[in-house]
Amino acid sequence: MMQPSTVTVRRLDTGDLPVKSLPVMLDPPPAGLKVTSSSVQPSNVRLVAAPELLSRLREVAGSVTYRPGTYTAPVTLRLPAGAQALEEVTVRLTVVTARPVAVPATPAAPLRANPARRPHLHRPAPAP
């Protein structure tokens, strides 16, 4: 139970709230995992911040815990100091284990010079 159960909030300024809608960009998955499908909801997030800060922002970085499977996960937004998101963001992911790149089991043989092929030495012709 919370006391008091209601509060009154007064706003001192009369201007508009500085709000900007920005796309959410997720960090890539770690090595060994590959995203085959993703859907961020909402794809744009509204931020409230000082107008000077909002004017510098082009996107919002977000991180998620990647694991194989199909699932919905919360996105952790990395917001600059002084900014606040007005929505919570989630992502629907399908993640698979990436196939490792084949690496030869034995090291490549060292290159050896071909003894049958020797460089020709150019000698000046004998004087007549």
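Caption draft 1: Focus on the overall build of the chain. Within the chain, the regular secondary structure consists of one helix and eight strands. For the chain, the sequential pattern of α-helices and β-strands runs β-β-β-α-β-β-β-β-β. Put simply, the chain has 128 residues, and 18% of those count as buried. Summarising the internal contacts of the chain: among those between residues at least 6 apart in sequence, 69% fall at separations of at least 24. With the model as given, the accessible surface of the chain reaches about 10800 Å², and the carbon-plus-sulfur share is 58%.

Caption draft 2: Summary view of the pattern of salt bridges. Applying the stated criterion to the full structure yields two salt bridges. One salt bridge in this structure joins Asp27 and Arg78, with 2.9 Å as the shortest N-O distance. On the criterion of sequence distance, the pair formed by Asp27 in the loop between β1 (19-26) and β2 (33-41) and Arg78 in strand β6 (residues 76-78) is long-range, its members being 51 residues apart. With a relative accessible area of 42%, Arg78 lands in the partly exposed category. Residues Glu87 and Arg46 are paired through a salt bridge, measuring 2.4 Å at the closest nitrogen-oxygen approach. Separated by 41 residues along the polypeptide, Glu87 in the loop between β7 (84-85) and β8 (90-97) and Arg46 in strand β3 (residues 44-48) bring together distant segments of the chain. Exposure remark for Glu87: the relative accessible area of 23% places this residue in the partly exposed category. Exposure remark for Arg46: the relative accessible area of 40% places this residue in the partly exposed category.

Caption draft 3: Seen up close, the sheet that holds β8. Taken together, the three strands give an open sheet; going across it, the order is β2-β8-β5, and neighbouring strands pair in antiparallel fashion. Here the strands that pair on one side only, and so sit at the sheet edges, are β2 and β5 (69-74). Across the sheet, the mean angle separating the axes of adjacent strands is 25 degrees when strand polarity is ignored. The sheet contact formed by β5 and β8 spans six bridges and is antiparallel. Following the sheet pairing, Tyr71 is matched in β8 by Leu93.

Caption draft 4: View of the environment of Thr72. On the secondary structure map, Thr72 appears in strand β5. Along the sequence, Thr72 and Leu93 sit 21 residues apart, while their C-alpha atoms lie 6.2 Å from each other. Reaching out from Thr72, the side chain makes a polar contact with the side chain of Arg92 at a distance of 3.4 Å.

About the criteria used
- Residues numbered from 1 in each chain as written.
- Predicted model: local features only at pLDDT ≥ 70, side-chain atom pairs only at ≥ 80, totals over all residues.
- Heavy atoms only, no water.
- Helix = DSSP H or I, 4+ residues; strand = E, 2+ residues; numbered from the N terminus.
- Buried < 20%, exposed > 50% of the residue type's maximum accessible area, 1.4 Å probe, protein only.
- Contact = heavy atoms within 4.5 Å.
- Areas by Shrake-Rupley, 256 points an atom, 1.4 Å probe, with all protein chains shown as cover.
- Salt bridge = Lys/Arg side-chain N within 4 Å of Asp/Glu carboxyl O.
- Pairing = 2+ DSSP bridges.
- Axes fitted to C-alpha atoms, helices over the stretch in contact; angles between N-to-C directions.
- Polar contact = N/O pair within 3.5 Å; in protein donor to acceptor, adjacent residues only side chain to side chain.

The values reported here are purely geometric and, on their own, carry no functional implication.
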